[in-house]
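Residues per chain, in single letters:
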Amino acid sequence: MSDKSVSQQDRRRKRALIVFQVLLYSYLLGLFLVQLHMSHERGW
Amino acid sequence: MSTLAQKPPGSFGGYDAHQDHSAQAQKRADKWMIPGTLLMGTGILGIIGFPLFLWGLRLQVNAAKAGLSVRPVIVTLIGYLVIIDSTLNSAGWMMDLVANHTLINRLITAGWGAVFDGGYFWHYNEIWVGGTGAPGEKAWQISLIMVVFCGRMAAGIGLLQMKRWGQQWLIVFCWMGLIVWIGYNLNMTFYGDVRYANITFPVWGWWIYDIFYITPFLAIPYLHTVNREIFSD
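Residues numbered from 1 in each chain as written. Chains lettered and ligands numbered in written order. Predicted model: local features only at pLDDT ≥ 70, side-chain atom pairs only at ≥ 80, totals over all residues.

**Here we look at the overall build of chain A**
Definition in use: Secondary structure counts use DSSP, requiring at least four H or I residues in a row for a helix and at least two E residues in a row for a strand, with both numbered from the N terminus. In this scheme every C-beta is placed from the backbone, and a residue whose C-beta has 20 or more other C-beta atoms within 10 Å is buried, one with 12 or fewer is exposed, and one in between is partly exposed.
Counting its regular elements, chain A contains 1 helix and 0 strands. Counting every position in chain A, which comprises 44 residues, the buried fraction comes to 2%.

**Details of the overall build of chain B**
Basically, it comes down to this: Remark: residues whose backbone-derived C-beta atoms lie within 7 Å of one another are considered to be in contact.
Scanning chain B from N- to C-terminus turns up 9 helices and 0 strands. When the helices and strands of chain B are placed in sequence order, the string is α-α-α-α-α-α-α-α-α. Referenced to the eigenvectors of the C-alpha coordinate spread, the extents of chain B come out at roughly 75 × 35 × 30 Å. Taking all 233 residues of chain B together, 32% fall into the buried category. In chain B, the proportion of contacts linking residues at least 24 apart, taken out of those at least 6 apart, comes to 62%.

**Remarks on helix H1 (residues 14–41) of chain B**
All names here are of chain B. Defined as follows: For a helix, the expected span equals 1.5 Å multiplied by the number of residues minus one. Consider a residue and the seven residues that end there alongside the seven that start there; fitting an axis to each set, the bend is the angle between those axes.
Taking 1.5 Å of rise per residue, 28 residues should cover 40 Å, and H1 covers 40 Å from first to last C-alpha, within 8% of that figure. Asp-30 marks the point of greatest bend in H1, at about 30°. Those residues of H1 that fall on the buried side of the exposure criterion are Gln-26, Ala-29, Asp-30, Met-33, Gly-36, Thr-37, Leu-39, Met-40 and Gly-41. Packed against the buried residues of H1 are helix H2 (46–65) and helix H3 (73–98). Phi turns positive, to about 90°, at Gly-43, one or two residues after H1.

**Considerations on the interface of chain A and chain B**
Convention followed: The residue classification treats Ala, Val, Leu, Ile, Met, Phe, Trp, Tyr, Cys and Pro as nonpolar and Asp, Glu, Lys and Arg as charged. All others, Gly included, are polar.
Opposite the 17 residues of chain A that make contact, chain B presents 16 residues. By residue class, the composition of the side of chain A that touches chain B is 10 nonpolar, 3 polar and 4 charged.

**Topic: the packing of H3 of chain B against helix H5 (residues 137–160) of chain B**
Between two packed helices, the angle of one axis relative to the other and the distance separating the axes together describe the packing. Residues and elements named next belong to chain B. Quick reminder of the rule: Here the axes come from fitting lines to C-alpha atoms, over the contacting stretch only for helices, and the angles between their N-to-C directions go from 0 to 180 degrees. Our angle categories are set so that under 35 degrees counts as roughly parallel, over 145 as roughly antiparallel, 65 to 115 as roughly perpendicular, and the remainder as oblique. Crossings are assigned a handedness: left-handed for a near helix turned anticlockwise from the far helix by less than a right angle, right-handed for a clockwise turn.
At their nearest, the axes of H3 and H5 sit 9 Å apart, and the two run at 155° to each other. With respect to each other, H3 and H5 are oriented roughly antiparallel. As for the relative orientation of H3 and H5, their crossing is left-handed in sense. For the contact of H3 with H5, the residue count by class is 12 nonpolar, 7 polar and 2 charged.

**Digging into the packing of H1 of chain B against H2 of chain B**
Residues and elements named next belong to chain B. One can describe the packing of H1 onto H2 by two numbers: an axis separation of 7 Å at closest approach and a directional angle of 160°. Of the possible angle classes, the one that applies to H1 and H2 is roughly antiparallel. Where H1 crosses over H2, the two elements pack in a sense that is left-handed. Residue-level inspection shows Ala-25, Gln-26, Arg-28, Ala-29, Asp-30, Trp-32, Met-33, Pro-35, Gly-36, Thr-37, Leu-39 and Met-40 of H1 in contact with H2, the latter providing Gly-46, Ile-48, Gly-49, Phe-50, Leu-52, Phe-53, Trp-55, Gly-56, Leu-57, Leu-59, Gln-60 and Ala-63. Broken down by class, the residue content of the contact of H1 with H2 amounts to 15 nonpolar, 7 polar and 2 charged.

**Things to note about the nonpolar core**
All names here are of chain B. How we decide: Among buried residues, those of type Ala, Val, Leu, Ile, Met, Phe, Trp, Tyr and Cys that are joined through C-beta atoms within 7 Å form a set called a nonpolar core.
One finds Leu-159, Leu-170 and Cys-174 to be the most contacted residues of the largest nonpolar core, which totals 26 residues. If you list the elements that add at least two residues to this core, you get H1, H2, H3, H5, helix H6 (164–190) and helix H9 (220–225). If we skip the residues at most four places from it in the chain, Leu-159 touches Val-75, Ile-78, Gly-79, Gly-166, Gln-167 and Leu-170. Judged by nonpolar contacts, the second largest core, of 11 residues, contains Phe-121, Trp-122, Ala-134 and Tyr-196.

**Remarks on the environment of Asp-96 of chain B**
Residues and elements named next belong to chain B. Note on placement: Asp-96 falls in helix H3. Asp-96 gets classed as buried once you count the C-beta atoms within 10 Å, which come to 24. Between the C-alpha atom of Asp-96 and that of Leu-160, which follows or precedes it by 64 residues, the distance is 30 Å.

**Examining the domain arrangement of chain B**
Residue and element names in this part refer to chain B. As a reminder, the rule being used: Segmentation into domains, and thus their bounds, comes from an automatic or database assignment.
By the assigned domains, chain B splits into domain 1 (12–70) and domain 2 (72–233). Residue-level contacts link 10 residues of domain 1 with 8 residues of domain 2. Within the residue set of the side of domain 1 that touches domain 2, elements represented by two or more residues are H1 and H2. Within the side of domain 1 that touches domain 2, the residues separate by chemical class into 5 nonpolar, 5 polar and no charged.

**Considerations on the confidence of the model for chain B**
Residue and element names in this part refer to chain B. Put simply, the rule reads: pLDDT expresses, on a scale from 0 to 100, how confident the predictor is about each individual residue.
Looking at chain B, the pLDDT average stands at 91 and 95% of residues meet or exceed 70. Across chain B, element-level confidence peaks in H2 with a mean pLDDT of 96 and bottoms out in H9 with 88. Low pLDDT, under 50, characterises residues 1–5; the stretch is placed with 4 contacts to residues that sit more than four places away or in other chains. Interface confidence for the predicted complex, given as ipTM, is 0.81, next to a pTM of 0.86.

**Section: H6 of chain B**
With 27 residues, H6 of chain B extends 40 Å between its outermost C-alpha atoms, agreeing within 8% with the 39 Å of an ideal straight helix rising 1.5 Å per residue. Taken as a whole, H6 of chain B has its buried residues at Gly-166, Gln-167, Leu-170, Phe-173, Cys-174, Gly-177, Val-180, Asn-185 and Met-188 of chain B.

If you want it as structure tokens, here you go:
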């Protein structure tokens, strides 16, 4: 395998992992918003 | 500085001297960063530990600028970060788990509960093991301290020593954080009436406090794509 294809593979891998992180943090943000909504609904 | 003439016969001269100086510089920096990290891991003494850590980091950066082979800064930051994460969580939870009737715990933990997390205030010290009475919380404490934080601390030490097993195990323990944060937050949401009702800063207070513990996730892309050859077998 050439150096070029390895670095491309690395780039793709890094991009996929960053996309995954964005999804994960979006999920956490979603949970935060759900809790905030519940807080207003239930008068916490 | 050593010279080729000062080295014993059979050594690699300048290369050996460079290696020696690099190891000494790394050790000198770690001598500041280790106590700094341990103090930060206690939470309350973090204000003393933080400047010690920064001083050690400065020594390491200066050594790198002087051309010595020291640890990459990103590895240093990730390694010490996961150790602080593990020690902070373990110290707080161990107090609740085994020292739940002490005066200091009833003051700090239950006081913290009244402000940020009702799980540490509501019916506190009323279940048979003492400490938090929040549903599921004891199970999280025991399993995460024993499985995740102990292992993550060991992996962080291995990473700081630039060992291959340290890098590999830290990947494993950072991914375990996925289970931890998805599960723990769902628990917080489902039992929100226990955790967030009648406290000083409901919901956002807990998130501001805890968001820093979620940061080890950020290490995952680096750990997966770093050149593994920089870590030794």
